[in-house]
Amino acid sequence: MRLKSIERVEPGDKLGKAVYDDKCQLLLARGVNLTFKYIERLKQASIHCVYIEDYLSEGLEFENVIPDEIKVRSITAVKNVFKEVTERKGVSLSTRGVDAIKDIVDQMMDMIFQNRDTLYVMTELMGTDMYTYNHSAEVAILSMLVAKSLGLNGQYIQKVGIGAMLHDIGKMKIPNEVLNKRDPLTPSELDQVREHAKLGYELLKDSDAVSPISRQIVLLHHEKMDGKGYPMMLDSDDIPVHVRIVTICDIFNALVSNRSYREKMNIDMALEIIRTEAVYQLDREIYYHLIKVVNIYPVGTVVELSNGKMGIVIKENKDAQTRPIVQVIKDKKKAEILNLLNDLTLFISKTIEL
Ligand SMILES: [Fe+2]
């Protein structure tokens, strides 16, 4: 199984993973052979890429910490809570909505503690219309994994997860025309978008069901270590660790996600950007934990090597993520197998689309 962009998908390609619609209902099941009609349907559902099974990726499966079903359920839970905010003006969140979020965070926690050594693979299961909800779920998973890697205890991790799920809830109070604007925002529109941190906090501040730690995440997730963040321009000493975790995971996930107006960035490039930002604006220690929990080159990733050869990752080296086992592809056929751990002169120069 490997990820292929919708522009490159051809009739006859077999789906390697199920695809869901904007109601989180199954759109196309795993194993379906794509036709022109199906490809059109995927495009209409604003789906940018799908997992396919082909000759090159035959038999390649990656393990993931969080199974797709739990991720889809978490996206549904976020969507329900966020919709509730849009529909019921000015009222704080219902306990039922928060309980559903807590429930799914607990299920994610179980998975994270059961699959201790499994890395997280960013997966695309639905279209870009679902970005806000998908992003919230993904930031929550990443933040919980980072929190665990940092050695925080279970109760603390749960609060980080809930805060991360709800971090952008204030965006539901901002007009869609501003949020989805393709052109650069005017200064006043930018101020309006930045209000989402405070607005989110306002929604939760009277809710006993949401802990102070989770609420702080919602209010402060755009603060930066150099004091240039918002809404309070806090200094690094005043930004708690649970907030710093979510800030990094939020930026990282935004970079590696497809949006309606731009293609996603590859994971290795996004991590490079975060590494540079970590010098002044982000927490460098947390960055190192992020690299430990994310699968940078999952099995099925097509890569270009430093010797110019192209290949597909067929197995990970768990202790050396950047040096997996790669099957070289020559003239669209499988060629020799290279274990990058045994040949240290070779490295992956970039991930590519095929
Ligand atoms: Fe935000």
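Predicted model only: the values in this text are computed from it and were never measured. (Residues numbered from 1 in each chain as written. Predicted model: local features only at pLDDT ≥ 70, side-chain atom pairs only at ≥ 80, totals over all residues. Heavy atoms only, no water.)

**Q** Lay out the overall build of the chain with the relevant residues and their values.
**A** A count of helical and extended segments in the chain gives twelve helices and ten strands. Dimensions of the chain along its principal axes, counting C-alpha atoms only, are 60 × 45 × 45 Å. Taking the contacts inside the chain whose residues are at least 6 apart along the sequence as the reference set, 66% of them involve residues at least 24 apart. Taken as a whole, the chain presents about 16600 Å² of accessible surface, with 49% of it coming from carbon and sulfur. Of the charged side chains in the chain, 47 are positive and 51 negative; the average position of the first set lies 2 Å away from that of the second. (Helix = DSSP H or I, 4+ residues; strand = E, 2+ residues; numbered from the N terminus. Contact = heavy atoms within 4.5 Å. Areas by Shrake-Rupley, 256 points an atom, 1.4 Å probe, with all protein chains shown as cover. Lys, Arg positive; Asp, Glu negative; His and termini not counted. Charge placed at Lys NZ, Arg CZ, Asp CG, Glu CD.)

**Q** Give a description of the environment of Phe113 that names residues and reports values.
**A** If you trace the backbone, Phe113 turns up in helix H3 (residues 95-114). When its relative accessible area of 30% is taken as the criterion, Phe113 is described as partly exposed. Remark: the alpha-carbon pair of Phe113 and Val218, spanning 105 residues in sequence, is separated by 25 Å. Ignoring sequence-local partners within four residues, the contact set of Phe113 consists of Lys148 and Ile157. (Buried < 20%, exposed > 50% of the residue type's maximum accessible area, 1.4 Å probe, protein only.)

**Q** Would you mind going over the coordination of the iron ion in detail, with residue names and values included?
**A** Coordination sphere of the iron ion, protein contribution only: Asp168 (OD), His196 (NE2), His221 (NE2) and His222 (NE2), at 2.2 to 2.3 Å. Of note is the iron ion, whose four donor atoms meet at the metal with angles of 82 to 171 degrees in an arrangement that counts as irregular. Taken in sequence order, the residues that donate to the iron ion follow the motif D-x27-H-x24-H-H. With His196 in helix H8 (residues 196-204) and His222 in the loop between helix H9 (212-220) and helix H10 (241-255), this residue pair connects regions lying 26 residues apart in the sequence. Take His222: its relative accessible area is 19%, and that puts it in the buried class. (Donors = N, O, S within 2.8 Å, 3.2 Å for Na, K, Ca; no water. Tetrahedral: all angles 85-135°; square planar, octahedral: opposite > 155°, others 65-115°.)

**Q** For the domain arrangement of the chain, give the residues involved together with the corresponding values.
**A** Partitioning the chain into structural domains gives domain 1 (2-53), domain 2 (68-293) and domain 3 (302-351). Between the C-alpha centres of domain 1 and domain 2 there is a distance of 27 Å. With 15 residues of domain 1 at the contact, the number on the domain 2 side is 18 residues. With both chains or domains summed, domain 1 and domain 2 bury close to 1300 Å², and 55% of this area falls on carbon and sulfur atoms. (Domains from an automatic or database assignment. Buried area = accessible area lost by both parts, 1.4 Å probe.)

**Q** So what's going on with the sheet that holds strand S9 (residues 333-339)? Which residues, and what values?
**A** On the basis of which strands lie adjacent, the open sheet formed by five strands has the order S9-S8-S7-S6-S10 and antiparallel pairing. The outermost strands of the open sheet, each flanked by one partner alone, are S9 and strand S10 (348-351). Strand-to-strand twist of the sheet, defined as the mean angle between neighbouring strand axes without regard to direction, takes the value 40 degrees. As defined by bridge partners, strand S8 (residues 325-330) adjoins S9 across five bridges and the pair is classed as antiparallel. In the sheet register, Val326 faces S9, and the bridge partner there is Leu338. (Pairing = 2+ DSSP bridges. Axes fitted to C-alpha atoms, helices over the stretch in contact; angles between N-to-C directions.)

**Q** Please set out the sheet that holds strand S2 (residues 14-15) residue by residue, giving values where relevant.
**A** Overall, antiparallel pairing links the three strands, which are arranged S1-S5-S2 in an open sheet. The sheet terminates laterally at strand S1 (2-5) and S2, the two strands that pair on one side only. Inspection of the sheet shows S1 paired to strand S5 (residues 49-53) by four bridges, in the antiparallel sense. By the bridge assignment, Leu3 is partnered in S5 with Tyr51.

**Q** Residue-level account of the UniProt feature "domain: HD-GYP" (unreviewed entry) in the chain, with values.
**A** Per the UniProt annotation, the sites labelled "domain: HD-GYP" (unreviewed entry) are residues 110-306. Structurally, residues 110-306 comprises 52% helix and 2% strand, and the distance from its first C-alpha atom to its last is 40 Å. (UniProt positions renumbered as here; feature names shortened; annotations may be inferred.)

**Q** Summarise the packing of H10 against helix H12 (residues 284-293); cite the residues concerned and give the values.
**A** Packed helix pairs are specified by the crossing angle of their axes together with the interaxial distance, meaning the distance between the axes. H12 packs onto H10 with a crossing angle of 55 degrees between their chain directions and a minimal axis gap of 10 Å. In this view, H10 runs oblique relative to H12, as classed from their interaxial angle. Helix-helix and strand crossings are classified by hand; for H10 and H12 the assignment is right-handed. Between H10, through Val241, Arg244, Ile245, Ile248, Cys249 and Phe252, and H12, the contact on the second element is made entirely by Ile286, Tyr287 and Leu290. Of the residues in the contact of H10 with H12, the class split is eight nonpolar, no polar and one charged. (Parallel < 35°, antiparallel > 145°, perpendicular 65-115°, else oblique. Left-handed = near helix turned anticlockwise from the far one by under 90°. Nonpolar A, V, L, I, M, F, W, Y, C, P; charged D, E, K, R; others polar.)

**Q** Pulling in residues and values, what's your account of the packing of aromatic side chains?
**A** Across all of its chains, the model carries three aromatic pairs by this definition. The positively charged end of Lys148 is found above the aromatic ring belonging to Phe113, 5.7 Å away from the centroid. When the ring centre of Tyr55 is taken as origin, the NZ or CZ atom of Lys334, which lies over that ring, is 4.8 Å away. (Phe/Tyr/Trp six-rings, centres within 6.5 Å; stacked < 30°, edge-to-face > 60°. Lys NZ or Arg CZ within 6 Å of the ring centre and 35° of its normal.)

**Q** Give a description of the nonpolar core that names residues and reports values.
**A** By size, the foremost hydrophobic cluster in this structure holds 87 residues, and its most contacted members are Ile66, Ile101, Leu166, Ile169, Phe252 and Leu290. In terms of residue count, helix H4 (residues 131-149) provides more of this core than any other element does, ten residues in total. Residue contacts for Phe252: discarding those within four places in its chain leaves Met122, Leu142, Ile267, Ala270, Leu271, Ile274, Leu290 and Val294. Residues Ile6, Val19, Leu34 and Ile52 belong to the second largest nonpolar core, which totals twelve residues. (Core = buried A, V, L, I, M, F, W, Y, C linked by side-chain atoms within 4.5 Å.)

**Q** Outline unusual backbone geometry, supporting the account with residue identities and numerical values.
**A** Backbone phi values are negative for most residues with the exception of glycine, while trans is the configuration of most peptide bonds. Here the residue pair Tyr230 and Pro231 is connected by a cis peptide bond, since its omega of 10 degrees sits within 30 degrees of zero. Phi at Cys24 is positive, roughly 65 degrees, even though this residue is not glycine. In this structure, Cys24 sits in the loop between strand S3 (19-20) and strand S4 (26-28). Given the relative accessible area of 11%, Cys24 is considered buried. Positive phi, normally seen in glycine, also occurs at Met233, with a value near 50 degrees.

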